[in-house]
Structures are given as C-alpha cells and as structure tokens.
Amino acid sequence: MSLITRLAFRTALVAPLVALASPAAAGVGDLLVAPTRIILNGGRGTEIILNNIGDETATYRISVEVKRMRADGSFEDVSAPNEREVTARDMIVYAPRRVVLPPRQPQTIRIAARAPAGLADGEYRVHLLFRAVPAAQPPVATPADFKGIGFALTPIYGVTIPVIVRMGNLSAKAGIANVGKVMLEGRPAIAMELTRSGSRSTYGEVRVLKAGLKEPLAVQRGVAVYTEVANRTVNVPISAELAAQASGPVTVQYIESIDGAPPSVLAETTAVLR
C-alpha cells in the first residue's frame with residue numbers, strides 16, 4: 001500500500017439556489033486510491049482499490065477522460081480527441097462505474113484493456129476519474145426582502161489517475177538541459193528541462209545531488225513526460241534545511257523505477273548553480 005496517496009482537485013457545480021455557498025457533503029473528499037498509476041501491458045488486467053477514510057458514506061462515479069500534457073507539466077482536457085486518443089478511450093473496460101463507500105470500507109475496481117485487432121504497437125493513455133456525487137442538500141431559505149437571482153456553490157471532489165496501455169516492445173530515452181536556480185512561490189527551486197524521445201513515456205524521480213551532502217539537495221517524485229510532448233519543464237523545490245547549500249557544482253539525475261526492475265538512471269547531467 002505504499003503507493004496509496006491522497007489526491008484531490010475541486011470543481012464547482014453551480015445550482016440556481018439562493019443565499020451563500022453551501023458546504024460540501026461530508027466525506028466526499030476523503031478518498032484514497034491505490035495504485036495512483038496503472039500500466040496495462042497488452043490485455044492484462046488489474047485492480048484499483050478505493051477506500052473512504054471519511055466519517056460518512058460517500059458515492060463516487062467513475063469515468064474515462066482524455067487529457068494532454070502541456071510543456072509545463074500541467075494537463076488540458078481534450079474535447080475533440082484524435083484517432084489515437086479515441087482508440088485509447090474505447091479500449092478501456094472497467095467495473096463497477098459507480099460505487100457507494102461506507103466509512104473505512106474498501107472497494108475493488110476491475111480494469112483491463114481490450115485492444116482492437118491489428119492495433120499498432122505503441123503507448124495509449126487515458127485518465128480515470130473518480131468523482132464524488134454530493135448528497136442532496138435541503139433548499140436554502142430565501143430572505144423575505146431578497147430580490148434577484150442567487151446561487152449556491154457545491155464543491156465536487158475528484159481523483160484522477162493515468163491508465164497506460166503498452167503494446168509491443170517499447171523504449172524511451174531522456175535528457176536534462178537548462179538547469180538553473182529560480183524562485184518558486186518565494187522559495188528557491190532548481191528549474192530544468194526534461195527531454196524525451198522514443199515510443200513510450202517516462203516516469204520517475206528527479207534528484208539534485210551535491211558533493212559533501214548525504215541527502216539530495218532537492219528531490220521531485222512522480223515526474224512524467226508523456227508521449228504527446230518531447231520536452232517539459234520541471235521545478236524542483238530545494239529543501240529548506242539545505243537552501244544555503246544551493247550553489248556551486250551539482251549533479252542532476254532522472255531516475256525511473258519500473259515494476260519488477262531495479263531503478264535505472266534515464267538521464268544525468270552536471271551544472272553549476274549560481
């Protein structure tokens with residue numbers, strides 16, 4: 001369960017109600033998902049475990065979304081998927097598609113890929129969305145002297161994880177360039193550009209090492225470069241305890257861990273921080 005993580009993002013559902021924003025239903029944001037990244041090699045299936053760690057029963061709807069990575073590492077929703085994205089979306093099968101989770105009760109989601117005949121070798125990716133379904137809220141009383149239209153905002157919580165299907169013998173190469181120190185939200189960070197080539201995405205950990213230090217000067221885990229981008233920028237925050245050491249020669253590594261194989265260094269470079 002070391003891969004269990006708590007993720008959340010919020011969108012707002014606007015309902016034509018009156019008065020101030022109403023609170024979110026209890027428990028809808030308390031979802032644990034494991035694992036947080038799925039790789040399906042060929043048609044092999046697997047399972048995802050959901051767990052409600054809140055104090056109230058919560059309902060979640062599960063759906064497939066298509067997203068593309070931008071050069072800064074963020075994602076954009078795709079309203080008009082291309083042929084490859086449609087293929088990826090259509091081959092994913094999973095059940096159930098809606099779950100009701102009592103507190104502290106896990107639920108298994110079965111997922112697999114049904115590749116169409118003659119599918120070309122390559123990597124295909126979608127994102128699985130677990131979206132909370134808010135409980136019905138009682139009507140909000142309207143003040144006697146109220147005129148006009150009011151709105152009540154109900155936050156909707158969700159978790160997304162990538163689902164990657166790999167067909168054939170795929171490979172990837174990576175590189176690191178343009179390493180330098182920057183300020184990120186008032187804190188020092190190390191900026192760099194990761195490059196990728198080949199037939200699959202890369203995913204791993206960025207480490208910034210300095211001679212004489214037992215621990216990395218900076219570490220960023222879960223760094224992906226997906227197949228729709230050839231390069232992306234990464235900003236790695238520097239440990240507050242080591243900020244004073246963030247100058248001079250450093251070694252930067254991009255390290256990948258694939259299930260069943262020891263970690264490997266995808267890319268490595270040296271730089272001088274000023």
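Bear in mind the structure is a predicted one, so any value in this text is a computation, not a measurement.

Caption draft 1: Molecular detail of the pairing of strand β11 (residues 106-113). Bridging between strand β5 (residues 46-52) and β11 involves six bridges; their strand directions are antiparallel. The partner of L50 across the bridge, within β11, is Q107. Here strand β9 (residues 92-95) pairs with β11 via four bridges, running antiparallel. Across the sheet, residue I92 finds its bridge partner in β11, namely A113.

Caption draft 2: Just the packing of aromatic side chains, in detail. Scanning the entire structure with this criterion turns up one aromatic pair. When the centroid spacing of 6.0 Å and the interplanar angle of 50° are considered together, the rings of F75 and Y226 count as tilted. Taken as a pair, F75 in strand β8 (residues 75-77) and Y226 in the loop between β17 (218-225) and β18 (231-237) lie far apart in primary sequence, 151 residues in all. Note on F75: relative accessible area 32%, which makes it partly exposed. Positioned above the aromatic ring of Y203, the side-chain terminus of R37 is 3.9 Å from the ring centre. One cation-aromatic arrangement involves R84 over Y124; the distance from NZ or CZ to the ring centre is 4.2 Å.

Caption draft 3: The pattern of salt bridges, seen in detail. Here the structure, examined in full by the defined rule, presents 10 salt bridges. In this structure, the salt-bridge partner of R200 is E256, at a minimum N-O distance of 3.0 Å. Remark: E256 occurs in strand β19 (residues 248-256) and R200 occurs in the loop between β15 (187-198) and β16 (202-209); sequence separation between them is 56 residues. The class of R200 is buried, set by a relative accessible area of 9%.

Caption draft 4: Representation of the environment of T202 within the structure. Take T202: it is sitting in strand β16. Spatially, the C-alpha atoms of T202 and A224 are 5.5 Å apart, while their sequence positions differ by 22 residues. Filtering out sequence-adjacent residues up to four positions away, T202 remains in contact with A172, R196, V223, A224, V225, Y254, E256 and L266. In this structure the side chain of T202 is engaged in a polar contact, spanning 3.0 Å, whose partner is the side chain of Y254.

Caption draft 5: View of helix α1 (residues 83-91). Where α1 is concerned, the buried positions are E85, T87, A88 and M91. The buried residues of α1 occupy one face: seen down the axis, they fall within an arc of 160°. Opposite the buried face of α1, at more than 90 degrees from it, the exposed residues are E83 and D90. At the N-terminal boundary of α1, the capping side chain belongs to N82, with an oxygen 3.2 Å from the backbone nitrogen of R84.

Caption draft 6: Looking closely at the side chain of N52. Mapped onto the elements of the fold, N52 is located in strand β5. According to the relative accessible area criterion, N52 is buried, its value standing at 0%. There is a polar contact of 2.9 Å between the side chain of N52 and the backbone nitrogen of G54. A polar contact of 2.9 Å, which involves the side chain of N52, links it to the backbone oxygen of L101.

Reading the values: the criteria
- Residues numbered from 1 in each chain as written.
- Predicted model: local features only at pLDDT ≥ 70, side-chain atom pairs only at ≥ 80, totals over all residues.
- Heavy atoms only, no water.
- Pairing = 2+ DSSP bridges.
- Helix = DSSP H or I, 4+ residues; strand = E, 2+ residues; numbered from the N terminus.
- Phe/Tyr/Trp six-rings, centres within 6.5 Å; stacked < 30°, edge-to-face > 60°.
- Buried < 20%, exposed > 50% of the residue type's maximum accessible area, 1.4 Å probe, protein only.
- Lys NZ or Arg CZ within 6 Å of the ring centre and 35° of its normal.
- Salt bridge = Lys/Arg side-chain N within 4 Å of Asp/Glu carboxyl O.
- Contact = heavy atoms within 4.5 Å.
- Polar contact = N/O pair within 3.5 Å; in protein donor to acceptor, adjacent residues only side chain to side chain.
- Arc of directions from axis to C-beta.

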